[in-house]
Amino acid sequence: MPTTNRLGLGILLILCSGFLLASHDGLSKYLTQIYPVFFIVWARYLAQTVMMTAMFAPRMGKRLIATQAPKLQFARAICLVGVSLFIFSALMFIPLGEATAVIFLSPVVVILISAFVLKEKISRSVWVSVAGGLLGVMIIVRPGGELFTPAILLPIAAAICFGTYHVLTRRLSGVDHPVASNYISSIVGTLVMSIFLPWVWVVPSVEHALAIVSLAALAMGGHLCLTNAYHHASAATLAPFTYSQIIFAALLGMLIFGHVPDLGGMLGMAIIIISGVSLAISKAQSRRRSKVVAA
């Protein structure tokens, strides 16, 4: 049970994570207006690989690439590449806040995979939360709205990839070291995106090259904050603050790109946040009941 001080640190870390990841997407949106998406994704993975090698190789050595499940690791990495390609492409056409909100459908995707692929039993309260998340997206994308275009399929595809990525990450938990999993994903992403390099290669300016390196730093920092936050508080406690990323993304979208979500967009975002928090709480309660029965 975390102390008040540790709980406060967990909340601070989760808020930092939300801000860093929202900033990552905002910078991505800026860069996609200038450079090909495939080039940005390649450069981001390359920068991340170099940074992780410098940070972890000296003390981890061969353990940094050790895996007992290479096929699952490859599938996980491809899902993450899909997330990057789809969300970067989406940000060319869709406001930052709304795209981020749709990405947060990934917990719904996890539940659907768990129910229909893994054949896990899902409670009624969880299904209600799933329905709420889908309703939120429908309100954001409502027919007649400015986002009711084929481009909205891009963040939806990103959410599907991200949900599948989470399922595979859960399967790999306790099998491989988490740093090794992230490093392998980074290497696979770099190699896969290198295939397309002859068709998308450009020479970025020094300023933009530094911005691309910053993408990797923001992503690494965001995920490190996220991981460490759960050492200080439970997932159910931190769930409301996890969705701060949607709020940060909407604010950055207003400040940098001048986009103010309309009433439907704000309502849809609010419903997605409420549904996501309810889903996290329902899953936490289910785990507690299972522990009580097992005891």
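- You'll find the chain entered in an unreviewed UniProt entry as DMT family transporter, with Ectopseudomonas mendocina given as the organism.

1. Here's the deal with the overall build of the chain
- Looking only at helices and strands, one finds 13 helices and 0 strands in the chain.
- Traced from its N-terminal end to its C-terminal end, the chain shows the element sequence α-α-α-α-α-α-α-α-α-α-α-α-α.
- Over its C-alpha trace the chain gives a radius of gyration of 19 Å, about what one expects of a compact globule, namely 19 Å for 295 residues.
- When its C-alpha atoms are laid out on the principal axes, the chain stretches across 60 × 55 × 40 Å.
- Counting across all 295 residues of the chain, residues that qualify as buried make up 50%.
- Taking the intrachain contacts of the chain between residues at least 6 apart in sequence as the baseline, contacts between residues at least 24 apart amount to 90%.
- Summed over its atoms, the accessible surface of the chain is roughly 14800 Å², and 72% of this surface lies on carbon and sulfur atoms.
- Both charge centroids of the chain, one from 19 positive and one from 7 negative side chains, sit 18 Å from each other.

2. Quick word on the packing of helix 5 (residues 106-116) against helix 7 (residues 153-172)
- Look at helix 5 against helix 7: their axes get within 8 Å of each other, and the N-to-C directions meet at 60°. Viewed along their axes, helix 5 and helix 7 adopt a mutual orientation that is oblique. Our pair here, helix 5 against helix 7, has a crossing hand that is right-handed. Contacts between helix 5 and helix 7 involve Ser106, Val109, Val110, Ile113 and Ser114 on the former and, on the latter, Ala159, Ile160, Phe162, Gly163, Thr164, His166, Val167 and Arg170.
- The class makeup of the residues in the contact of helix 5 with helix 7 is 7 nonpolar, 5 polar and 1 charged.

3. A look at the environment of Trp127
- Positionally, Trp127 belongs in helix 6 (residues 124-140).
- The class for Trp127 is partly exposed, based on a relative accessible area of 31%.
- Other than its neighbours up to four places away in sequence, Trp127 contacts Leu112, Ala115, Phe116 and Ile122.

Conventions and cut-offs
- Residues numbered from 1 in each chain as written.
- Predicted model: local features only at pLDDT ≥ 70, side-chain atom pairs only at ≥ 80, totals over all residues.
- Heavy atoms only, no water.
- Helix = DSSP H or I, 4+ residues; strand = E, 2+ residues; numbered from the N terminus.
- Rg over C-alpha atoms; globule rule 2.2 N^0.38 Å.
- Buried < 20%, exposed > 50% of the residue type's maximum accessible area, 1.4 Å probe, protein only.
- Contact = heavy atoms within 4.5 Å.
- Areas by Shrake-Rupley, 256 points an atom, 1.4 Å probe, with all protein chains shown as cover.
- Lys, Arg positive; Asp, Glu negative; His and termini not counted.
- Charge placed at Lys NZ, Arg CZ, Asp CG, Glu CD.
- Axes fitted to C-alpha atoms, helices over the stretch in contact; angles between N-to-C directions.
- Parallel < 35°, antiparallel > 145°, perpendicular 65-115°, else oblique.
- Left-handed = near helix turned anticlockwise from the far one by under 90°.
- Nonpolar A, V, L, I, M, F, W, Y, C, P; charged D, E, K, R; others polar.

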